[in-house]
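Single-letter residue listing:
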Amino acid sequence: MNILITGGAGYIGSHTCIALLGAGHKVIVADNFYNSAIETIDKIQEVTNKKIIIYKNDITNYFELESIFNENPIDGVIHFAGYKAVDESIKRPLDYYYNNVLSTINIAKICTKYNVKKIVFSSSATVYGNNMPPFVEKMKLQPSINPYGETKVMSERILMDMVNANFTFKVSILRYFNPVGAHESGLIGENPNGKPNNLMPYITQVAKGKLEKLRVFGNDYPTIDGTGVRDYIHVMDLAEGHVAALNNIKQGTNIYNLGTGKGTSVLELVNAFEEANNVKIPYEITSRRPGDIAQAYADPSKANKELKWEAKRDLLSMCRDAWRFEKNNKTL
Ligand code: NAD
Ligand code: UFG
């Protein structure tokens, strides 16, 4: 299939390009490089030895988007493009609503106009809010802890309503848990601008000596060791989940959790990183980070069964691959 990947130069998008090219699909990337670099496209081509068609386009601009559909036959779209930092969404809510919701409206409109029936959308476990894990797809959503989560709920709703108006569409909404790690080549990975917000890139920068020590946000949660528990998933497993989602896409709207189903605490992840890479991660316990929940992990059984997919890579591989990328690609 010819697949348009919006945000394909970003962290999850770039790994998904590799998985799709490996599965024999043709890939067209549209990205405005707000949070990524054009060099990533060269690296994907180097790893796969395959060509990508690339558009430096903004998905909020309908006319820029339409030029891609005029110039290429498109069988399906994977819509990654969006802003993703929870903290920033609280400070700049309008930018988040504008970018994330308008880009989804444009994708829904253009797919309707050009009769492109297959859409895969990047949603987030954040839509489950304070529900009790393991999270299952049919839970009532509680996203209102931050504007970022609201943009995901709104985008999901827009796509569902599009399908309700025309039931020949096939939409898969993928709710990701915590993607970490990097492609095993060490050529592409997660490269956040400035000081990282997320745990794994923070750990790799401490390991490299770029940051002095990790701050563990709270050790008084009702969890195994008091620190926050998350469902870390190797980004290549997540990428392969998109290939499975496309191969098994069904009529109507279908929602899937892409996670491992296993919860890991902050200190367990630190220990795994030290063990996998034989490096020391100095840390201190600080107060809780506002807006954090104690535990988030998936019930991935629907995706396992219907998409015939499951996450295969373990925590040690996630730690090894994240560290290999950090060592190879960044300077102090
Ligand atoms: P990322 O920032 O690395 O990638 C997003 C890409 O989209 C970037 O290359 C950016 O330049 C591009 N982009 C943003 N707005 C655009 C626009 N208007 N037009 C064109 N390109 C635009 O983020 P990621 O981690 O790869 O996340 C991809 C998607 O998955 C996002 O929608 C994010 O909300 C969702 N998600 C991510 C996580 C996570 O922990 N990384 C978890 C759950 C969901
Ligand atoms: N943490 C620390 N210190 C840090 C960073 C994080 O202790 O420096 C802790 C957090 O308190 C939390 C855990 O590590 O317990 C994971 O935090 P992350 O920031 O890595 O990830 P979150 O689960 O908070 O959020 C991520 C994405 C969201 C997405 C969500 C989906 O950032 O966009 O996963 O589950 F919605």
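Placed above this text is the structure.
This is a predicted model, so every value here is computed, not measured. (Residues numbered from 1 in each chain as written. Chains lettered and ligands numbered in written order. Predicted model: local features only at pLDDT ≥ 70, side-chain atom pairs only at ≥ 80, totals over all residues. Heavy atoms only, no water.)

Undergrad: How do you make sense of the packing of aromatic side chains when you look at a structure like this?
TA: Centre distance and the angle of the planes are the two values used to describe a pair of aromatic rings. According to the stated counting rule, one finds 8 aromatic pairs in the structure shown. Taken together, a centroid distance of 4.6 Å and an interplanar angle of 40 degrees make the contact between Y34 and Y83 tilted. Highlighted residues: Y34 in the loop between β2 (26–30) and α2 (39–48) and Y83 in the loop between β4 (76–79) and α4 (86–91), separated in sequence by 49 residues. Its relative accessible area of 40% is what places Y34 among the partly exposed residues. Owing to a relative accessible area of 15%, Y83 belongs among the buried residues under this scheme. Connected via pairs of aromatic rings, a cluster forms that spans Y34, Y83 and Y96. One cation-aromatic arrangement involves K109 over Y62; the distance from NZ or CZ to the ring centre is 4.7 Å. (Phe/Tyr/Trp six-rings, centres within 6.5 Å; stacked < 30°, edge-to-face > 60°. Helix = DSSP H or I, 4+ residues; strand = E, 2+ residues; numbered from the N terminus. Buried < 20%, exposed > 50% of the residue type's maximum accessible area, 1.4 Å probe, protein only. Lys NZ or Arg CZ within 6 Å of the ring centre and 35° of its normal.)

Undergrad: Would you explain the environment of L21 in this entry?
TA: Along the chain, L21 turns up in helix α1 (residues 11–22). Separated by 23 residues in sequence, L21 and I44 place their C-alpha atoms 9.3 Å apart. L21 has contacts with V27, I44, T48, K50, K51 and I52, leaving out every residue within four places of it along the chain. (Contact = heavy atoms within 4.5 Å.)

Undergrad: Where do I start with the state of the cysteines in this structure?
TA: Two cysteines form a disulfide when their sulfur atoms are joined by a covalent bond. For the structure shown, the criterion picks out 0 disulfides. Considering cysteine sulfurs only, C111 is the nearest to C17, which forms no disulfide, with 17 Å between them. Residue class for C17 comes out buried when judged on its relative accessible area of 0%. (Disulfide = S-S within 2.5 Å.)

Undergrad: Please clarify how the site of ligand 1 should be interpreted in this entry.
TA: Close to ligand 1 lie 28 residues, the nearest being D31, N35, S36, N99 and Y148. Interatomic distance of 2.7 Å between a side-chain N/O atom of Y148 and an oxygen atom of ligand 1. Contact with the protein chains removes 95% of the 810 Å² of surface that ligand 1 exposes when unbound. Those elements that provide at least two residues to the shell around ligand 1 are α1, β5 (118–124) and α6 (147–165). Broken down by element, the residue count for the shell around ligand 1 peaks at 3 residues, all from β5. Looking at the shell around ligand 1 residue by residue, the class counts come to 12 nonpolar, 12 polar and 4 charged. (Near = heavy atom within 4 Å. Polar contact = N/O pair within 3.5 Å; in protein donor to acceptor, adjacent residues only side chain to side chain. Areas by Shrake-Rupley, 256 points an atom, 1.4 Å probe, with all protein chains shown as cover. Nonpolar A, V, L, I, M, F, W, Y, C, P; charged D, E, K, R; others polar.)

Undergrad: What am I meant to see in the pairing of strand β1 (residues 2–6) here?
TA: Where a strand is regular, its side chains alternate between the two sheet faces. Within β1, 5 of the 5 residues are buried, which leaves it mostly tucked inside the rest of the structure. The alternating pattern of β1 places N2, L4 and T6 and I3 and I5 on opposite faces, both of which are buried. As paired elements, β1 and β2 share 5 bridges and run parallel to each other. When the sheet's bridge partners are listed, T6 is paired in β2 with A30. Once you follow β1 into α1 and on to β2, the crossover reads as right-handed. Where β1 lies against β4, 4 bridges are found, and the strand directions are parallel. Bridge pairing in β4 links I5 to I78. (Pairing = 2+ DSSP bridges. Right-handed = clockwise from strand over helix to strand, strands pointing away.)

Undergrad: What am I meant to see in the site of ligand 2 here?
TA: Around ligand 2 sit 22 residues in total, of which S124, R215, R230, R289 and D292 are the nearest. L199 places a main-chain nitrogen or oxygen 2.8 Å from an oxygen atom of ligand 2. Protein chains bury 89% of the 680 Å² of accessible surface belonging to ligand 2 in isolation. Counting only elements with at least two residues in the shell around ligand 2, the list comes to α7 (199–207) and β8 (214–217). Here the shell around ligand 2 takes 4 residues from β8, the largest share from any one element.

Undergrad: Help me out: how do you make sense of the environment of N277 in this one?
TA: If you trace the backbone, N277 turns up in helix α9 (residues 266–277). With a relative accessible area of 14%, N277 lands in the buried category. Through-space distance from the C-alpha of N277 to that of W323 is 7.4 Å; in sequence the pair is 46 residues apart. Other than its neighbours up to four places away in sequence, N277 contacts C319, R320 and W323.

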